[in-house]
Amino acid sequence: MDAQKHRIIYKFFNSRVSLLLKFLLLVGLIYIQQRFPKLPEEWKIPDKYLYALFFYITGVLIIDFSRLALIEIYLRRYKEKAQPNFILGINRIASIISFIILLLTALIIFDIELYQVFTSLSIVAAAIAIVFKDYISNFINGLIIMFSDELSLGDFIEISEHKGQIIDITLMNIHLLSDDDELILLPNNSVLSAYVINYTKREVNRIGFEFCIEYRYLGDVSLLEDFIRESLREFDEHIKADSHNLKTVDIQKDFAVLKYQYTLNKTDRVLELQIRRKIARRIIEFISQKAVS
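In this report, we go over the structure that sits alongside the text. (Residues numbered from 1 in each chain as written. Predicted model: local features only at pLDDT ≥ 70, side-chain atom pairs only at ≥ 80, totals over all residues. Heavy atoms only, no water.)

**Topic: the sheet that holds strand S8 (residues 255-263)**
The condition is simple: Strand pairing follows a simple DSSP-based rule, namely that at least 2 bridges must link the two strands. We count a stretch as a helix when DSSP gives it H or I for four or more residues in a row; a strand needs E for two or more, and each element gets its number in order from the N terminus. Only the contacting stretch of a helix is used when fitting its axis, a line to C-alpha atoms as for every element, and angles between N-to-C directions run 0 to 180 degrees.
Here we have three strands laid out as an open sheet, ordered S6-S8-S7, and antiparallel in their pairing. Edge positions in the sheet fall to strand S6 (206-214) and strand S7 (245-251), since each has one partner strand and no second. Taken pair by pair, the neighbouring strands of this sheet meet at an average axis angle of 25 degrees, ignoring direction.

In structure tokens:
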């Protein structure tokens, strides 16, 4: 999460350079217009092109300045507790408004009156709402997710049968990266309407590894618990003492569902994956030994 957070904040500071360049461009255009007022006429540049250019640059400048000001205030207020979701949401909204400014600029260039556009759109507004209702709903839900602290970039979550780390949040989807490095795209609508388990934001770092084992390989449950416990000795400095526990989740006719639990001293996704792999291999080894004997 920290890496993604720093990446977004780094882009924020780079945007200051872009804002400065746009401001210098606007100042340069104003200077040229004042210093050489007859230049557009000599070059046969229509007035509407100049007006459209000034309108676009001014609009983008106002949007960028407002965006950076909001982010700056947010970062100063929350500092280390700042969530990258807020910055991401502000950037998305700024991009949408910038696109609207671009459309208005195109209307100026092609001499299209704004009221004509609204009149035309009002005729097909109902049809547009029906056709694009899913997109509009996804769009709104995406903004809700971005400006909430329930799901954040870098969080490891589980939604239905999908599990992975959030690597991006767009206005349409949440991007998950699974343990197998598969990219999973989940529509924002399904995320807000489904049960979500956020492993990153749990109050304690209690980890559980669930598995099935046939009774013929199980024998004494305490032996299996000790077998797994001994295999995790190398991680003792990262696991709280006396937090190991093997409990029964479900009992079936031919097999039992067990869960091995332990508590990490601090959240560490990489370490958690290493321990999970270790447990899985040791369980396979335990079953193999039982099968041979």
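**Here we look at helix H11 (residues 269-292)**
What counts is decided by this rule: In this analysis, the expected span of each helix is defined as 1.5 Å times one less than the number of residues it contains. Each residue is assigned to one of three classes by its accessible area relative to the maximum for its type, calculated with a 1.4 Å probe on protein chains only: buried under 20%, partly exposed between the two thresholds, exposed over 50%. Two residues form a contact once any of their heavy atoms are found within 4.5 Å.
Over its 24 residues, H11 runs 35 Å from end to end, which matches the ideal 34 Å to within 8%, given 1.5 Å per residue. Within the span of H11, buried status applies to Arg269, Leu271, Glu272, Leu273, Ile275, Ile279, Arg282, Ile283 and Phe286. Those residues of H11 that are buried are in contact with strand S1 (156-159), S6, helix H9 (215-218), helix H10 (221-231) and S8.

**Description of a nonpolar patch on the surface**
Put simply, the rule is: Nonpolar side chains (Val, Leu, Ile, Met, Phe, Trp, Tyr) are joined into patches within 5 Å and like charges within 9 Å, using only residues with over 30% relative accessible area and no salt bridge. Surface accessibility in these figures is a Shrake-Rupley result with a 1.4 Å probe; residues are shielded only by whichever protein chains are displayed. We define a salt bridge as a side-chain nitrogen of Lys or Arg found within 4 Å of a carboxyl oxygen belonging to Asp or Glu.
Together, Ile128, Ile130, Val131, Phe132, Tyr135, Ile136, Ile140, Ile144 and Leu192 make up an exposed nonpolar region whose accessible area comes to about 840 Å². Broken down by secondary-structure element, the contributors of at least two residues to the nonpolar patch are helix H6 (125-131) and helix H7 (133-146). For the nonpolar patch, the element with the highest residue contribution is H7, accounting for four residues. With respect to the helices and strands, the residue Leu192 is situated in helix H8 (residues 188-193).

**Here's the deal with the packing of H10 against H11**
Quick note on the threshold: Each angle is binned into one of four classes, with values under 35 degrees roughly parallel, values over 145 roughly antiparallel, values of 65 to 115 roughly perpendicular, and all other values oblique. The hand of a helix crossing depends on one turn: near helix anticlockwise from the far one by less than a right angle means left-handed, and clockwise means right-handed. Under the scheme applied, nonpolar residues are Ala, Val, Leu, Ile, Met, Phe, Trp, Tyr, Cys and Pro; charged residues are Asp, Glu, Lys and Arg; polar residues are all the others, including Gly.
One can describe the packing of H10 onto H11 by two numbers: an axis separation of 10 Å at closest approach and a directional angle of 135 degrees. The angle between H10 and H11 places the two elements in the oblique class. For the element pair H10 and H11, the recorded crossing hand is right-handed. Every residue of H11 that contacts H10 at Leu223, Leu224, Phe227, Ile228 and Ser231 is listed here: Lys278, Ile279, Arg282, Ile283, Glu285, Phe286 and Gln289. Grouping the constituent residues of the contact of H10 with H11 by class yields seven nonpolar, two polar and three charged.

**Topic: the packing of aromatic side chains**
Inclusion rule: In this analysis, rings of Phe, Tyr and Trp, with Trp reduced to its six-membered ring, are considered paired at centre separations within 6.5 Å, and the interplanar angle assigns stacked below 30 degrees, edge-to-face beyond 60, and tilted for intermediate values. Placement of a positive charge over a ring is assigned whenever Lys NZ or Arg CZ falls within 6 Å of the ring centre and within 35 degrees of the normal to the ring plane.
Per the counting criterion, the structure on display carries five aromatic pairs. Taking 5.0 Å as the distance between ring centres and 45 degrees as the angle between the ring planes, the aromatic pair formed by Tyr74 and Tyr78 counts as tilted. Remark: Tyr78 and Tyr74 occur in helix H3 (residues 47-78); sequence separation between them is four residues, near one turn of the helix. Classification of Tyr74 by relative accessible area gives buried; the value is 12%. Judged by its relative accessible area of 37%, Tyr78 falls in the partly exposed class. Between Phe86 and Phe147 the ring centres are 5.7 Å apart and the planes differ by 85 degrees, which places this aromatic pair in the edge-to-face class. A residue pair is termed long-range when its members are at least 10 positions apart, and Phe86 in helix H4 (residues 84-109) and Phe147 in the loop between H7 and S1 qualify at 61 residues. Put simply, the rings of Tyr74, Tyr78, Phe86 and Phe147 pair up and form one aromatic cluster. Between the NZ or CZ atom of Arg282 and the centre of the ring of Phe227, over which it lies, the distance is 4.1 Å.

**Quick look at the environment of Arg206**
Mapped onto the elements of the fold, Arg206 is located in strand S6. For the pair Arg206 and Glu161, spaced 45 residues apart in sequence, the C-alpha to C-alpha distance is 21 Å. If sequence neighbours within four positions are ignored, Arg206 has contacts with Ser243, Asn245, Gln261, Tyr262 and Thr263.

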